[in-house]
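# A look at the structure
What follows is the residue order along each chain.
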Amino acid sequence: MNASPDDIDDSSAPLIEHLAELRTRILYSLAAFVVAMVICFTVWNPIFNFLTHPICEALADRQQDCGLVLIKLQEGFFVAVRISVLGGFALAFPVIAYQMWRFVAPGLYRTEKQAFLPFLVASPAMFIAGASFAYYVVLPIAFNFFLNFQQNFGGDATTGTVGPDAPAGIVFQGSMEQYLSLTTSFVMAFGLCFQLPVLLTLMGKAGLVSSRGLAGMRRYAIVLILCVAALVTPPDVMSQLILFGAIYPLYEVSIFLIRRIEKKREAQMRADGTWVDDEADEDTPKA
């Protein structure tokens, strides 16, 4: 049976409405991002000064002045732009997330909204936790490790000191752009890796993974986390081990949260009389 022109027009109308709604939400998100980026550009210098606290404290411990240099003439401008983009996205994220929610929510049932909304709140909270852990814990340790390779200014990585008769003095003179890149790489890496329990718990809520399956994949998860730590952190073992030590407990927390979800689901299904015991079915002899 062929569809009439009227049927085709009726069926395409909701699609056009959805596209128009999507365009509106994207425009609102872009407007919020542009406004936030302009605001961050006006205060990029205080933001950059805040990001330099870990390196300045590490240098102060060695009685060194804290100073970064401009290798390229335009480097300062690009640093300001990069801070504006990252800060603008962070500042506009609540608006962007709200617009995403307004677009998706009408197509969800009430139970699906109640299940999805906590994860929408937990995701930025876990990112902030990971970024704070990187800034306040990991960066000071990493910078102290890197600065140990100076000569005549705090020593080397093995003895911790080098005498004044060292043939060559090696002192840190960091590039403004390279320092920002290194610092934001640390912060972004830990912030994204801290999304692991949110992602796994959401997948467990949807029934895509199980606590038993994740527990059985522990050895593979350890190898995978170590590989990710080697990729997203600078090439020093200390930073990689710190990232692994922070991420693997989150994997165990994910197993615990998914197990709780499964127990609640089982209790609800038993109350409804729809629960099927897989082990009992396996023990039942087939005719």
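Chains are numbered independently. Their residues run from 1 in the order of the written sequence. This being a predicted model, a pLDDT of at least 70 is required before a residue's local features are given, and a value of 80 or more before pairs of side-chain atoms are given or counted; all residues contribute to the totals for chains, interfaces and linings. Here the side-chain values reflect all heavy atoms present in the structure, with hydrogen atoms and water set aside.

An unreviewed UniProt entry lists the protein under the name Sec-independent protein translocase protein TatC, from Fuscovulum ytuae. UniProt positions are given in the numbering used here, feature names are shortened, and annotations may be inferred rather than shown by experiment. Quoted verbatim from the Sequence similarities (unreviewed entry) heading of the UniProt record, the comment on the protein is "Belongs to the TatC family." Under the UniProt heading Subunit (unreviewed entry), the entry covering the protein gives this text: "The Tat system comprises two distinct complexes: a TatABC complex, containing multiple copies of TatA, TatB and TatC subunits, and a separate TatA complex, containing only TatA subunits. Substrates initially bind to the TatABC complex, which probably triggers association of the separate TatA complex to form the active translocon."

Further remarks concern the packing of aromatic side chains. For Phe, Tyr and Trp, where Trp contributes only its six-membered ring, two rings pair if their centres lie within 6.5 Å, and the inter-plane angle classes them as stacked under 30 degrees, edge-to-face over 60, or tilted in between. One pass over the structure, following the stated rule, counts twelve aromatic pairs. Taking 4.8 Å as the distance between ring centres and 85 degrees as the angle between the ring planes, the aromatic pair formed by tyrosine 135 and tyrosine 136 counts as edge-to-face. A relative accessible area of 7% means that tyrosine 135 is categorised as buried. Three exposure classes are used, based on accessible area relative to the maximum for each residue type with a 1.4 Å probe and protein chains only: buried under 20%, partly exposed in between, and exposed over 50%. In this structure tyrosine 136 comes out as exposed when scored by relative accessible area, which is 56%. Pairing tyrosine 248 with tyrosine 251 gives two aromatic rings, centres 6.2 Å apart and planes at 20 degrees, and the pair type is stacked. With tyrosine 248 and tyrosine 251 both in helix 10 (residues 237-272) and three residues apart, this pair spans about one turn of that helix. Grouping residues by exposure puts tyrosine 248 and tyrosine 251 together as buried. Under the scheme used here, helices are H or I runs from DSSP no shorter than 4 residues and strands are E runs no shorter than 2 residues, and both carry numbers assigned from the N terminus.

Right, let's talk about the side chain of arginine 62 for a bit. Residue placement: arginine 62 occurs in the loop between helix 3 (53-60) and strand 1 (68-69). Working convention for charge: Lys and Arg count positive, Asp and Glu count negative, and His plus the chain ends are omitted. Salt bridges are defined by distance alone: a side-chain nitrogen of Lys or Arg within 4 Å of a carboxyl oxygen of Asp or Glu. As a buried residue without a salt bridge, arginine 62 has its nearest oppositely charged side chain in aspartate 61, at a separation of 5.5 Å. Side-chain polar atoms of arginine 62 contact the side chain of asparagine 148, separated by 2.8 Å. Each polar contact in these results corresponds to two N or O atoms within 3.5 Å; when the atoms are within protein, one needs to be able to donate a hydrogen and the other to accept it, and residues that are neighboring in sequence are counted only if both atoms are side-chain atoms.

UniProt records the feature "transmembrane region" (unreviewed entry) at residues 26-44, 77-98, 119-143, 179-202, 214-232 and 238-258, using the numbering of this structure. Spanning residues 26-44, this segment combines 95% helix with 0% strand, and its end C-alpha atoms are found 26 Å apart. A distance of 35 Å separates the end C-alpha atoms of residues 179-202, which is 92% helix and 0% strand.

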